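Summary of structural features
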Amino acid sequence: MDQATPTTGKTERIRRMFDGIADRYDFANKLMTLGIDRLWRRRTARWVASHSPHKILDVAVGTADLSMELTRQCPALEQITGVDISEGMLQKGREKIAQKAPQANIQLEQANCEALPYKEESFDAVVSSFGVRNFEHLAQGLEEMCRVTRPGGVIAILELSVPRNPILRCGYTLWTHTFIPLVGSLFAHNRGAYNYLPRSVRQVPQYEAFTKMLLEAGYGKAEYKAFSGGIATLYYAIK
């Protein structure tokens, strides 16, 4: 269902921003995280795989890195559907799937992640990596993700976070406010986008506050696990 989706406000700005940096997004991200993001995705996919899902929805799928990791780790998997607001990111994802996982049953579709075009209880697992902090209405987006999760199904959200340790937090602040914008300027040719990205991490609820939002959205047993000292956090729950 690759069709334009009506957007407003922040959602439209985010769509344009990611369309503009899609060609350099993967390279710049790997440089910024020194490749550690692959480990975070692997651990996220391992938790999802432990619940043996057949159908997975990857929300804010980006260039499909998590989707491809899931195809490697979920032996019972039948299909992954990935949705994103940015057609530019989806196109890069389709190219990567064709090159690296041509046999994988991954369908990428353009849609507003806060108004998912799927029936209730359609998926065994709903996942997202580094995308929900860009939602215009986070609570609404989480409610939509819960709506399309079947009873007994799971959600796993991998998101960047701010370390709680004061020393780590100081280094993290220096890294995100100097190096990341520089990378964005030199390699992604968009300093504004890479100024926004680290700022957006601080604006999203974290740790207990985020798990509370999962509970309010309709999930139960919501928990979290911090990775790499809290630079990234996996939030997970069962419906």
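Residues numbered from 1 in each chain as written. Predicted model: local features only at pLDDT ≥ 70, side-chain atom pairs only at ≥ 80, totals over all residues. Heavy atoms only, no water.

Formally: UniProt positions are given in the numbering used here, feature names are shortened, and annotations may be inferred rather than shown by experiment.
Where an unreviewed UniProt entry is consulted, the protein chain appears under the name Demethylmenaquinone methyltransferase, with the organism given as Porphyromonas endodontalis. Entered under Catalytic activity (unreviewed entry) in the UniProt record, the comment concerning the protein chain runs "a 2-demethylmenaquinol + S-adenosyl-L-methionine = a menaquinol + S-adenosyl-L-homocysteine + H(+)".

**What about a positive patch on the surface?**
Threshold: Like-charged residues are merged into a patch within 9 Å and nonpolar side chains (Val, Leu, Ile, Met, Phe, Trp, Tyr) within 5 Å, provided each residue has over 30% relative accessible area and no salt bridge. The protein chains shown are the only cover counted for residues, whose accessible areas, like all others here, come from Shrake-Rupley with a 1.4 Å probe. Salt bridge, as applied in this entry: a Lys or Arg side-chain nitrogen positioned within 4 Å of an Asp or Glu carboxyl oxygen. When charges are tallied, Lys and Arg are placed among the positive residues and Asp and Glu among the negative ones, while His and the ends of the chain are skipped. The atom standing in for a charge is NZ when the residue is Lys, CZ when it is Arg, CG when it is Asp and CD when it is Glu. Per the convention used, a helix needs a DSSP run of H or I reaching at least four residues, while a strand needs a run of E reaching at least two, with both numbered from the N terminus. Remark: exposure states derive from per-residue accessible area (1.4 Å probe, protein chains only) relative to the maximum for the residue type, with buried under 20%, exposed over 50%, and partly exposed in between.
Taken together, the side chains of K30, R38, R42, R46 and K100 present a region of like positive charge at the surface. Among the elements that line the positive patch, the one with the most residues is helix 2 (residues 36–49), at three residues. If you trace the backbone, R46 turns up in helix 2. You can call R46 partly exposed: its relative accessible area is 47%.

**What to know about the pattern of salt bridges**
Throughout the structure, instances matching the rule amount to 14 salt bridges. Of the charged contacts in the structure, one is a salt bridge between R15 and E12, with a shortest N-O distance of 2.5 Å. Taken together, the residues span about one helical turn, with R15 and E12 both in helix 1 (residues 9–33) at a distance of three residues. According to the relative accessible area criterion, E12 is buried, its value standing at 16%. The shortest N-O distance in the salt bridge between R150 and D124 comes to 2.6 Å. With R150 in strand 5 (residues 149–160) and D124 in strand 4 (residues 123–129), this pair connects stretches of sequence that are 26 residues apart. A residue is classified by how much of its surface remains accessible, and R150, at 30% relative accessible area, is partly exposed. The class of D124 is buried, set by a relative accessible area of 15%. Connected through shared salt-bridge partners, D26, D37, R41, D65 and K96 make up one network.

**A look at the side chain of T44**
Note that T44 resides in helix 2. Relative accessible area serves as the criterion here: at 0%, T44 is assigned to the buried category.

**A word on the UniProt feature "binding site: S-adenosyl-L-methionine" (unreviewed entry) in the protein chain**
Under the convention used in this document: A 3.5 Å cut-off defines polar contacts: any pair of N or O atoms within that distance qualifies, except that in protein one atom must be a possible hydrogen donor and the other a possible acceptor, and neighbouring residues in sequence count only when both atoms are side-chain atoms. For this analysis, residues touch if any pair of their heavy atoms sits within 4.5 Å.
Listed under "binding site: S-adenosyl-L-methionine" (unreviewed entry) in the UniProt record, and renumbered for this structure, are T63, D84, N112, C113 and S129. The residue N112 is located in the loop between strand 3 (106–110) and strand 4 in this model. Of note is the side chain of N112, whose polar atom sits 2.9 Å from the backbone nitrogen of E114. Mapping C113 onto the fold places it in the loop between strand 3 and strand 4. Looking at C113, the relative accessible area reads 7%, which means it is buried. In this view, C113 contacts V59, A60, V83, D84, F135, G141 and E144; residues no more than four positions away in its chain are not counted.

**Considering the packing of aromatic side chains**
Put simply, the rule reads: Between rings of Phe, Tyr and Trp, where Trp is taken as its six-membered ring, a pair exists when centres lie within 6.5 Å; planes separated by under 30 degrees are stacked, by over 60 edge-to-face, and by other angles tilted. Counting as a charge over the ring demands two things of the Lys NZ or Arg CZ atom: a distance within 6 Å of the ring centre and an angle within 35 degrees of the ring normal.
Within the structure shown, the criterion is met by eight aromatic pairs. Centre to centre, the rings of W47 and Y236 are 4.9 Å apart; their planes meet at 50°, and the pair counts as tilted. Here the residue W47 occupies a position in helix 2, and Y236 occupies one in strand 7 (residues 232–238), the gap between them amounting to 189 residues. Taken individually, W47 and Y236 each receive the classification buried, so the pair is uniform in this respect. Pairwise contacts between aromatic rings join Y207, F210, Y224 and Y235 into one cluster. Across the ring face of Y207, the terminal group of R164 is positioned such that the distance to the ring centre comes to 4.2 Å.

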